[in-house]
Amino acid sequence: MYYSSNTVAFLDGEFVPAGQATCGVYAQSLHYGYAVFEGIRAYNTPAGARIFKAEQHYERLHYSCKSIGLPLEYSVEELTRISYEVLERNHLTDAYIRPLVFAATPNMSLKAATSSNVLIAVWEWGKYLGDQLLRLTVSPYERPNPKAVPIEAKVAGHYVNSIIASSEAKGRGYDEALLLDMNGYVAEGPGANFFFERNGELFTAPAGSILRGITRNTIIDLAREAGIMVHEKFFTPEELRTASAAFMTGTAAEVIGVASVDDISFDTPFQQTIGGMLSSHYHALVTGQTVARTARVVEPQR
Ligand code: PMP
């Protein structure tokens, strides 16, 4: 359950009992999937609760709003501060944080909203895809055409495709779906990015038809810090026959190994794979046991 009678959520400038954080059935967002959201995690670190990469998540929220013309009145700093306060009011340090920007105004037109509503909810959530290695299947549902709703925006409506792809895969006895892009290349899962390993190197789909996950970027940085070559390139499901291992990444899922994709299985024990090693590095980083040496050096502006 996501909330109890004691849970507090932030809604439109106030901290309210979660059960009272509601919206009407004439809301434009409800009818048209016209909302954006984020998925963020806080971890209990030696310095107390720390939200992992809060700034990047809230910058992406701003980008998502902008790309669908939904106003967002709160700055990255305000959203971060409010998130810490929601955690504190719920006495949580290890938690999932769900900000949602939506249009609650009754509006059945297809005009962009002129105002928005902001919810920030938190709850304790184990690894979204569990701890067991995943049996994936290539989905008959593709990622949406990137020339439609911007694919790098975390728009609520995109997740209808994720729901039907994931449900279809589970209906055929698999754990999760693997979606191709419109050209037949492997893109990502319904809510996580995908990597495979070959000859000690990592491969993942490039930007274009994927959500460029913050966990994906973190894993790329950690891999490069460890001297592992990472290739962002297009690949077909057939190319996975040459892979020795695979894993998925996401804020909710963290880093989770893949047992097989359809009939292709990866036999190396996960802990002995690059993904297994990076999973430990990721855990150490988010829980504040290590700091990133960060491979991506940002040059100072002149
Ligand atoms: N792809 C999709 C479609 C997602 O929903 C998510 C989860 N936000 C990801 C990838 C992973 O992104 P992140 O690492 O930023 O959570």
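Residues numbered from 1 in each chain as written. Predicted model: local features only at pLDDT ≥ 70, side-chain atom pairs only at ≥ 80, totals over all residues. Heavy atoms only, no water.

Let us now look at the overall build of the protein. The helix and strand tally for the protein stands at 6 helices and 16 strands. Against the compact-globule benchmark of 19 Å for 302 residues, the protein has a radius of gyration of 19 Å, which places it among compact chains. By principal-axis analysis of the C-alpha atoms, the protein measures approximately 55 × 50 × 45 Å. Among the 302 residues that make up the protein, the fraction classed as buried is 51%. Put simply, of all contacts in the protein between residues at least 6 apart along the chain, 70% involve residues at least 24 apart. (Helix = DSSP H or I, 4+ residues; strand = E, 2+ residues; numbered from the N terminus. Rg over C-alpha atoms; globule rule 2.2 N^0.38 Å. Buried < 20%, exposed > 50% of the residue type's maximum accessible area, 1.4 Å probe, protein only. Contact = heavy atoms within 4.5 Å.)

Under the defined criterion, the tally for this structure stands at 15 aromatic pairs. With 4.9 Å between their ring centres and 5° between their planes, Phe-195 and Phe-247 make a pair best called stacked. Taken together, the residues span a long stretch of sequence, with Phe-195 in strand β11 (residues 193-198) and Phe-247 in strand β14 (residues 245-250) at a distance of 52 residues. Like Phe-247, Phe-195 is buried. Three or more aromatic residues joined by ring pairs make a cluster, and in this case those are Tyr-2, Tyr-96, Trp-123, Trp-125 and Tyr-128. Here Arg-89 stacks its cationic end above the ring of Phe-15, 4.1 Å away from the centre of that ring. Just above the ring of Phe-203 sits the side chain of Arg-198; from NZ or CZ to the centre is 4.6 Å. (Phe/Tyr/Trp six-rings, centres within 6.5 Å; stacked < 30°, edge-to-face > 60°. Lys NZ or Arg CZ within 6 Å of the ring centre and 35° of its normal.)

Our next topic: the state of the cysteines. Here the structure, examined in full by the defined rule, presents 0 disulfides. The structure places no disulfide on Cys-23, whose sulfur is separated from the nearest cysteine sulfur, that of Cys-65, by 15 Å. Residue Cys-23 is classed as partly exposed on the basis of its relative accessible area of 39%. The buried category is assigned to Cys-65, whose relative accessible area is 1%. (Disulfide = S-S within 2.5 Å.)

Moving on to the packing of helix α5 (residues 214-225) against helix α6 (residues 274-286). Packing of α5 against α6 brings their axes to within 10 Å, and their N-to-C directions diverge by 110°. When the interaxial angle is binned, α5 and α6 end up roughly perpendicular. Side by side, α5 and α6 meet where Thr-215, Thr-218, Ile-219, Leu-222 and Ala-223 of the first sit next to Leu-278, His-281, Tyr-282 and Leu-285 of the second. Its residues placed into classes, the contact of α5 with α6 shows 6 nonpolar, 3 polar and no charged. (Axes fitted to C-alpha atoms, helices over the stretch in contact; angles between N-to-C directions. Parallel < 35°, antiparallel > 145°, perpendicular 65-115°, else oblique. Nonpolar A, V, L, I, M, F, W, Y, C, P; charged D, E, K, R; others polar.)

Neighbouring the ligand are 15 residues, the closest being Lys-154, Tyr-159, Glu-188, Thr-215 and Thr-251. The contact in question runs from an oxygen atom of the ligand to an N or O atom on the side chain of Arg-60, over 2.9 Å. In the environment of the ligand, an oxygen atom lies 2.6 Å from a nitrogen or oxygen atom belonging to the side chain of Thr-215. In isolation the ligand offers 380 Å² of accessible surface; the protein chains occlude 95% of this area. When contributions to the shell around the ligand are tallied by element, the ones reaching two or more residues are α5 and β14. Taken together, the residues of the shell around the ligand break down into 5 nonpolar, 7 polar and 3 charged. (Near = heavy atom within 4 Å. Polar contact = N/O pair within 3.5 Å; in protein donor to acceptor, adjacent residues only side chain to side chain. Areas by Shrake-Rupley, 256 points an atom, 1.4 Å probe, with all protein chains shown as cover.)

A few words now on the environment of Tyr-185. With respect to the helices, strands and loops of the structure, Tyr-185 is situated in the loop between β9 (176-180) and β10 (186-188). Separated by 76 residues in the primary sequence, Tyr-185 and Val-261 place their C-alpha atoms 14 Å from one another. Setting aside anything within four residues of it in sequence, one finds Tyr-185 in contact with Leu-179, Leu-180, Phe-234, Phe-235 and Thr-236.

On the surface, a cluster of negative charge is contributed by Glu-55, Glu-59, Glu-77 and Glu-78. Where the negative patch is concerned, the elements lending two or more residues are α2 (54-68) and α3 (76-89). Along the chain, Glu-59 turns up in helix α2. On the basis of relative accessible area, Glu-59 is assigned to the partly exposed category, the value being 42%. (Patch = residues over 30% accessible without salt bridge, like charges linked within 9 Å, V, L, I, M, F, W, Y side chains within 5 Å. Salt bridge = Lys/Arg side-chain N within 4 Å of Asp/Glu carboxyl O. Lys, Arg positive; Asp, Glu negative; His and termini not counted. Charge placed at Lys NZ, Arg CZ, Asp CG, Glu CD.)

Of note, the phi angle at Asp-12 is positive, near 50°, even though the residue is not glycine. With respect to the element layout, Asp-12 can be found in the loop between β1 (8-11) and β2 (14-17). Classification of Asp-12 by relative accessible area gives partly exposed; the value is 35%. Positive phi, normally seen in glycine, also occurs at Lys-53, with a value near 55°. Residue placement: Lys-53 occurs in the loop between β5 (48-51) and α2.

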